[in-house]
Amino acid sequence: MKCSNCQTIKLSKEFPLDTITEKCTHIPTWCLKCLIFHLQKGNTPNEIKCPECPAQLTQSEINGFKIAWEKAPFKIDIDSLFKNSRANNTNNNNSLLNDPATQKGEFFVVLLSGDKYTLKLEEIQTVRVLKAELTKKIKVDGSKQKLLHKGVELQVRHQNGQGENKLATYGIRAGDHIQLIVTMYAISRDESISNLAFDLYWGYPLRGKDYLDGTCLLYIGKDFWKKYDYRDRFDPVHPNIKHSGDVMDDPNRRGHHRITIKLDKLPDVVNKLYFVLSAWKCPHIGDFIAPSFKLYDDDSSDKKQLCNYTIQTAANSQAVIMCAAIKQDDGSWDVVEVGRVSNGNARDYNPIRQAIMELNLDNVY
């Protein structure tokens, strides 16, 4: 999700876990880092109020946030940053501290799954080198990496094609977070996939027959529109998406779900499709034997896999948002890897929808 103050996309754990004060009636949209800076500004507790409403913080609440910050695994040196900020305001001779080209220290690249990689500015100075380093770490070619900093996509070369862009070009400093979105496949308008298919297979858990649900959640912008699962399999008003329902092979202890979607026949306003797995009775996806899935063009001869997410990565979770098909402004579709684990299942999609909201992809696409 994006901090409303610094406008940086961050993980949900980098925000306060509850309302900023007991008197607040809103969810916090400032990240913990920005909130700590805000708390530094007040000389006495009476001067410290919630940055998003007039509610005043108690000393106990202030102390609680300081403790949360001290224990935060993503914490950077707030004291040194604050001192540098004060020094810059009082000494113009130290203006080089604000020059991104002279910055040193760690910055972070975060995937939609929540995985975070720590890198050093002094070792990585250009977008090209950053993509090459990420290729080594996550085994994804740079052409499939979409890097965003404060809502701006990082480009390898200048618009005129002359020279490479440096991280400093985008104002990236120590402590900053860069969002990485992995585009597994781009479906152009010319391809016009008539039948996008999602096939899911699983073996029954050792404890007996159970269901590994495959679900497609459709969104219009940031708003949930419809779902297709074992219950909501077909809508005659929108007949271009179908779910097979439960196809169970009891003698061989295997289950199968199939979803077919005609992308070019969907309502124009639908621009995001999230493909979700969730365990029905078992607490974890890993309880199922040899689960597998394939997302592909059903009309193609080679049935090429469009998303390579490894289900076993979510073995200890109840649900996982594996991937998403996202419509571009020109009508083409990108298939992006998500891999965000979550609670929830086909009985209760609310935790899954909350996880989708926290992806904040509406601010990217």
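Parameters at a glance
Residues numbered from 1 in each chain as written. Predicted model: local features only at pLDDT ≥ 70, side-chain atom pairs only at ≥ 80, totals over all residues. Heavy atoms only, no water. Helix = DSSP H or I, 4+ residues; strand = E, 2+ residues; numbered from the N terminus. Buried < 20%, exposed > 50% of the residue type's maximum accessible area, 1.4 Å probe, protein only. Contact = heavy atoms within 4.5 Å. Areas by Shrake-Rupley, 256 points an atom, 1.4 Å probe, with all protein chains shown as cover. Phe/Tyr/Trp six-rings, centres within 6.5 Å; stacked < 30°, edge-to-face > 60°. Expected span 1.5 Å × (residues − 1). Arc of directions from axis to C-beta. Core = buried A, V, L, I, M, F, W, Y, C linked by side-chain atoms within 4.5 Å. Salt bridge = Lys/Arg side-chain N within 4 Å of Asp/Glu carboxyl O. pLDDT = per-residue confidence, 0-100. Pairing = 2+ DSSP bridges. 1 Å grid on protein atoms, 1.4 Å probe; cavity = no way out; pocket = protein on both sides within 12 Å on 5 of 7 lines; lining within 4 Å. Points joined across faces, edges and corners; volume = space filled by probe spheres on them. Nonpolar A, V, L, I, M, F, W, Y, C, P; charged D, E, K, R; others polar.

### Quick notes on the overall build of the chain
Then, in step 1: When you go through the chain residue by residue, the secondary structure sums to five helices and 16 strands.
Then, in step 2: Counting only residues that meet the buried cut, the chain has 46% of its 365 residues in that class.
Then, in step 3: Long-range contacts, defined as pairs at least 24 residues apart, comprise 63% of the intrachain contacts of the chain with a sequence gap of at least 6.
Then, in step 4: Within the structure as shown, the chain displays about 18,300 Å² of accessible surface, and the carbon and sulfur contribution to it stands at 46%.

### Regarding unusual backbone geometry
Then, in step 1: A positive phi is found at Arg-253, a non-glycine position, where the angle reads about 55 degrees.
Then, in step 2: Here Ala-290, not a glycine, exhibits a phi torsion of approximately 45 degrees, which is positive.

### Things to note about the packing of aromatic side chains
Then, in step 1: Per the counting criterion, the structure on display carries five aromatic pairs.
Then, in step 2: Pairing Phe-198 with Phe-275 gives two aromatic rings, centres 5.4 Å apart and planes at 20 degrees, and the pair type is stacked. Of the two residues, Phe-198 sits in strand β6 (residues 196-203) while Phe-275 sits in strand β13 (residues 272-279), which places them 77 residues apart along the sequence.
Then, in step 3: Residue classification places Phe-198 among the buried positions, given a relative accessible area of 0%.
Then, in step 4: Relative to Phe-224, the ring of Tyr-219 lies with its centre 5.7 Å away and its plane at 70 degrees, an arrangement referred to as edge-to-face.

### Considerations on the environment of Cys-307
Then, in step 1: Mapped onto the secondary structure, Cys-307 falls in the loop between β14 (289-297) and β15 (319-327).
Then, in step 2: Of the residues examined, Cys-307 reaches a relative accessible area of 0% and is grouped as buried.
Then, in step 3: As for Cys-307 and Met-322, which are separated by 15 residues in sequence, their C-alpha atoms are 8.5 Å apart.
Then, in step 4: Residues in contact with Cys-307, not counting those within four places in the same chain, are Met-184, Phe-293, Leu-295, Met-322, Cys-323 and Val-335.

### Focus: helix α4 (residues 127-138)
Then, in step 1: Look at α4: 16 Å from first C-alpha to last across twelve residues, which is about the 16 Å you get at 1.5 Å a residue.
Then, in step 2: Buried residues of α4: Val-127, Leu-130, Lys-131, Leu-134 and Ile-138, and no others. Within α4, the buried residues cover an arc of 95 degrees as seen down the axis, which keeps them to one side.
Then, in step 3: The first or second residue beyond α4 is Lys-139, which carries a positive phi of 60 degrees.

### Brief notes about the nonpolar core
Then, in step 1: With 35 residues, the main nonpolar core has Phe-198, Ile-261, Leu-273, Phe-275, Phe-293, Leu-295 and Met-322 as its most contacted residues.
Then, in step 2: Counting residues in each nonpolar core, the second largest holds 22 residues, with Tyr-219, Tyr-230, Val-276 and Leu-361 among its members.

### Considerations on the pattern of salt bridges
Then, in step 1: Under the counting rule described, the total for this entry stands at ten salt bridges.
Then, in step 2: The residue Glu-164 makes a salt bridge to Arg-128 at a minimum N-O spacing of 2.8 Å. Residue Glu-164 is found in the loop between β4 (152-153) and β5 (177-187), and its partner Arg-128 is found in helix α4; the two are separated by 36 residues along the sequence.
Then, in step 3: Put simply, Asp-229 and Lys-227 hold a salt bridge, and the shortest N to O gap is 3.5 Å.

### Describing the confidence of the model for the chain
Then, in step 1: Residues of the chain with pLDDT of at least 70 account for 84%, and the chain-wide mean is 84.
Then, in step 2: Confidence, read as mean pLDDT per element, is least for helix α3 (residues 78-90) in the chain (41) and greatest for strand β11 (residues 247-249) (98).
Then, in step 3: Below a pLDDT of 50 lies the segment residues 76-98, which in the model reaches 21 contacts outside its immediate sequence neighbourhood of four places, other chains included.

### Here we look at the pairing of strand β3 (residues 145-149)
Then, in step 1: Where burial is concerned, most of β3 is hidden: five out of the five residues are buried.
Then, in step 2: By the alternation rule, side chains of β3 split into Gln-145, Leu-147 and His-149 and Lys-146 and Leu-148, which are all buried.
Then, in step 3: Of the pairings in the sheet, the one linking β3 to β4 comprises two bridges and is antiparallel in character. Residue pairing across strands places Leu-148 opposite Glu-153, the latter belonging to β4.
Then, in step 4: Adjacent in sequence and paired antiparallel, β3 and β4 are bridged by two residues, among which Lys-150 carries a positive phi angle near 55 degrees.

### Considering the environment of Asp-362
Then, in step 1: In this structure, Asp-362 sits in the segment after α5 (350-359).
Then, in step 2: Accessibility expressed as a relative area gives 32% for Asp-362, which makes it partly exposed.
Then, in step 3: Measuring from C-alpha to C-alpha, the distance between Asp-362 and Asn-271 comes to 9.7 Å, with 91 residues separating the pair along the chain.

### Considering the layout of surface pockets
Then, in step 1: The calculated volume of the second largest pocket comes to roughly 380 Å³.
Then, in step 2: Lining of the second largest pocket is provided by 19 residues; of these, Leu-111, Ser-113, Asp-115, Tyr-309 and Glu-337 occupy positions nearest its centre.
Then, in step 3: Contributing elements (two or more residues each) for the lining of the second largest pocket: β5 and β16 (333-342).
Then, in step 4: Of the residues that constitute the lining of the second largest pocket, the class distribution is twelve nonpolar, five polar and two charged.

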